[in-house]
Amino acid sequence: MSATADVSAAWQAYQRMRLQLNGRISRELYRSTGLSEADFDILFLLEESPGGTARSIALRCGLEWEKSRLSHQLRRMQGRGLITKTADAVVELTDKGREQIAAARACHGAAVRRYFGDVLTDDQLAALTAISDQVVARLTDDSTRDHAHARPRAET
């Protein structure tokens, strides 16, 4: 098999795993807690933030979402009482949001262990961690380089 075929086969295997794993965990999370993957991601970031609050821009950057996607998601979550949002774009966990993320963490953690941690050996987990860190480092380097070479926006 050529290097190109090896990369292609590895990529396809990774994509199959990622899609099936994310789908399975997301379905279990929703069935157990009523939270979508997007709900979980936002509540998780807020819970990890000091005081359970974060500016919308920090959430958007942390999730790498478009502004409109985050706005729509936050509006839905606010309507369900999971978060509040102030006029100055500060998002805060509510008591209900804190309860939901606690339940979701337990469900999510159990699913990750069952479908991921219990399937791989310690050596495989260490290798996967190293691989993931290496790919993220490349993406971070490329992103930093892209920002350094970006043209300044024209004043409007």
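Scroll up to find the structure.
Quantities reported herein were computed from a predicted structural model and do not represent experimental measurements. (Residues numbered from 1 in each chain as written. Predicted model: local features only at pLDDT ≥ 70, side-chain atom pairs only at ≥ 80, totals over all residues. Heavy atoms only, no water.)

1. With respect to the overall build of the protein
The following threshold applies: Each helix corresponds to a stretch of at least 4 residues labelled H or I by DSSP, and each strand to a stretch of at least 2 residues labelled E; elements are numbered beginning at the N terminus. We compute the radius of gyration from the C-alpha atoms alone; for a globule the expected value is 2.2 Å times N to the 0.38, where N is the number of residues. Computed by Shrake-Rupley with a 1.4 Å probe, the accessible areas treat only the displayed protein chains as cover when residues are assessed. We score Asp and Glu as negative and Lys and Arg as positive, and we do not count His or the chain ends. Just so you know, the charge point we use is NZ for Lys, CZ for Arg, CG for Asp and CD for Glu.
Each helix and strand in the protein was counted, giving six helices and three strands. The order of α-helices and β-strands along the protein, N terminus first, is α-α-β-α-α-β-β-α-α. Against the 2.2 N^0.38 benchmark of 15 Å for 156 residues, the protein shows a C-alpha radius of gyration of 19 Å, more extended than a compact globule. Taken along the three principal axes of its C-alpha coordinates, the protein extends 55 × 50 × 25 Å. For the protein, the accessible surface area stands at approximately 11100 Å², while carbon and sulfur atoms represent 54% of it. Between the averaged position of the 22 positive side-chain charges in the protein and that of its 21 negative side-chain charges there is a distance of 7 Å.

2. Details of a positive patch on the surface
Our working definition: Each patch is built from residues that are more than 30% exposed by relative accessible area and take part in no salt bridge. Like charges join if they lie within 9 Å; nonpolar side chains (Val, Leu, Ile, Met, Phe, Trp, Tyr) join within 5 Å. Criterion for a salt bridge: a side-chain nitrogen of Lys or Arg within 4 Å of a carboxyl oxygen of Asp or Glu.
Residues Lys67, Arg69, Arg75, Arg76 and Lys85 make up a contiguous surface patch of positive charge. Among the elements that line the positive patch, the one with the most residues is helix H4 (residues 67–79), at four residues. The topology assignment puts Arg76 in helix H4.

3. Let's talk about a nonpolar patch on the surface
Keep this limit in mind: Remark: exposure states derive from per-residue accessible area (1.4 Å probe, protein chains only) relative to the maximum for the residue type, with buried under 20%, exposed over 50%, and partly exposed in between.
On the surface, Trp11, Tyr14 and Met17 cluster together into a nonpolar patch covering about 330 Å² of accessible area. In this fold, Met17 is placed in helix H1 (residues 3–33). The exposure class assigned to Met17 is partly exposed, which follows from its relative accessible area of 37%.

4. A look at the packing of helix H2 (residues 37–48) against helix H5 (residues 95–117)
Definition in use: In this analysis an axis means a line fitted to C-alpha atoms, helices contributing only their contacting stretch, and an angle means the value between N-to-C directions, from 0 to 180 degrees. Any angle that is under 35 degrees is reported as roughly parallel, and any over 145 degrees as roughly antiparallel; angles of 65 to 115 degrees are reported as roughly perpendicular and all others as oblique. Throughout, a contact is declared for two residues whenever any of their heavy atoms are within 4.5 Å. Each residue receives one of three labels: charged for Asp, Glu, Lys and Arg, nonpolar for Ala, Val, Leu, Ile, Met, Phe, Trp, Tyr, Cys and Pro, and polar for the others, Gly being one of them.
At a minimum axis distance of 10 Å, the contact between H2 and H5 shows a crossing angle of 110 degrees. On the basis of the axis angle, H2 is roughly perpendicular to H5. Taking contact as the criterion, the partners of Phe40, Leu43, Phe44, Glu47 and Glu48 in H2 are, on H5, Gly97, Gln100, Ile101, Ala104, Arg105 and His108. In terms of residue class, the contact of H2 with H5 is built from five nonpolar, three polar and three charged.

5. Regarding the side chain of Ser56
In this structure, Ser56 sits in helix H3 (residues 56–63). Residue classification places Ser56 among the buried residues on the basis of a relative accessible area of 11%. Discounting chain neighbours no more than four positions away, the residues touching Ser56 are Leu70, Leu74, Lys85, Ala89 and Val91.

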